[in-house]
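So the chains spell out like this:
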Amino acid sequence: MNNLPEFSAALLGFNAEAVVYCQGISETVAHDYAMDYARMLQNRAKGIDVLQPRFPVGLFEPNRKLIRSTLERMSQKYFPQK
């Protein structure tokens, strides 16, 4: 996305949707992981090279996969070429 206003709008849209999704996660460990993953996706969209967040102890693989896939889909909606 070369157009700064469009990119800013996409970033705001992703952030708004991701925050609502993360707030809906009641388990603290899963919620924190989702917020970290969303932050990572935002940084990636900005062109910042980032590592994926560590898998927290107590967050089982099916939940991690669900969080990652949901946030990745959101990211693709707002940043299709990333």
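Just so it is clear, the structure is predicted and the values come from calculations on it, not from any experiment.

Enquirer: Please clarify how the packing of helix 1 (residues 4-23) against helix 3 (residues 61-78) should be interpreted in this entry.
Expert: Any two packed helices are characterised by the angle at which their axes cross and by the distance between the axes. Orientation of helix 1 relative to helix 3, taken along the N-to-C sense of each, is 155°, at an axis distance of 9 Å. The orientation of helix 1 with respect to helix 3, classified from their angle, is roughly antiparallel. As for the relative orientation of helix 1 and helix 3, their crossing is right-handed in sense. Where helix 1 abuts helix 3, its residues Ala10, Gly13, Phe14, Glu17, Ala18 and Tyr21 lie against Leu66, Ile67, Thr70, Leu71, Met74, Ser75, Lys77 and Tyr78. When the residues that make up the contact of helix 1 with helix 3 are grouped by side-chain class, the tally is 9 nonpolar, 3 polar and 2 charged.

Enquirer: In this structure, what is going on with the packing of aromatic side chains? I would like to understand it.
Expert: Geometrically, a pair of aromatic rings is defined through the distance of the ring centres and the angle of the planes. A complete count under the given rule lists 5 aromatic pairs for this structure. Note on phenylalanine 14 and tyrosine 78: the rings are 6.4 Å apart at their centroids and 75° apart in plane angle, and the pair reads as edge-to-face. One end of the pair, phenylalanine 14, is in helix 1; the other, tyrosine 78, is in helix 3, and 64 residues separate them in sequence. By relative accessible area, phenylalanine 14 is classed as buried at 0%. Ring plane angle 40° and centroid distance 5.9 Å describe the contact between tyrosine 33 and tyrosine 37, whose orientation is recorded as tilted. Here tyrosine 33 and its partner tyrosine 37 are both found in helix 2 (residues 28-45), 4 residues apart, which amounts to about one turn of the helix. Of the aromatic side chains, those joined through ring pairs into one cluster are Phe7, Phe14, Tyr78 and Phe79. Above the plane of the ring of phenylalanine 55 lies arginine 64, whose end atom (NZ or CZ) is 4.2 Å from the centre.

Reading the values: the criteria
- Residues numbered from 1 in each chain as written.
- Predicted model: local features only at pLDDT ≥ 70, side-chain atom pairs only at ≥ 80, totals over all residues.
- Heavy atoms only, no water.
- Axes fitted to C-alpha atoms, helices over the stretch in contact; angles between N-to-C directions.
- Helix = DSSP H or I, 4+ residues; strand = E, 2+ residues; numbered from the N terminus.
- Parallel < 35°, antiparallel > 145°, perpendicular 65-115°, else oblique.
- Left-handed = near helix turned anticlockwise from the far one by under 90°.
- Contact = heavy atoms within 4.5 Å.
- Nonpolar A, V, L, I, M, F, W, Y, C, P; charged D, E, K, R; others polar.
- Phe/Tyr/Trp six-rings, centres within 6.5 Å; stacked < 30°, edge-to-face > 60°.
- Buried < 20%, exposed > 50% of the residue type's maximum accessible area, 1.4 Å probe, protein only.
- Lys NZ or Arg CZ within 6 Å of the ring centre and 35° of its normal.

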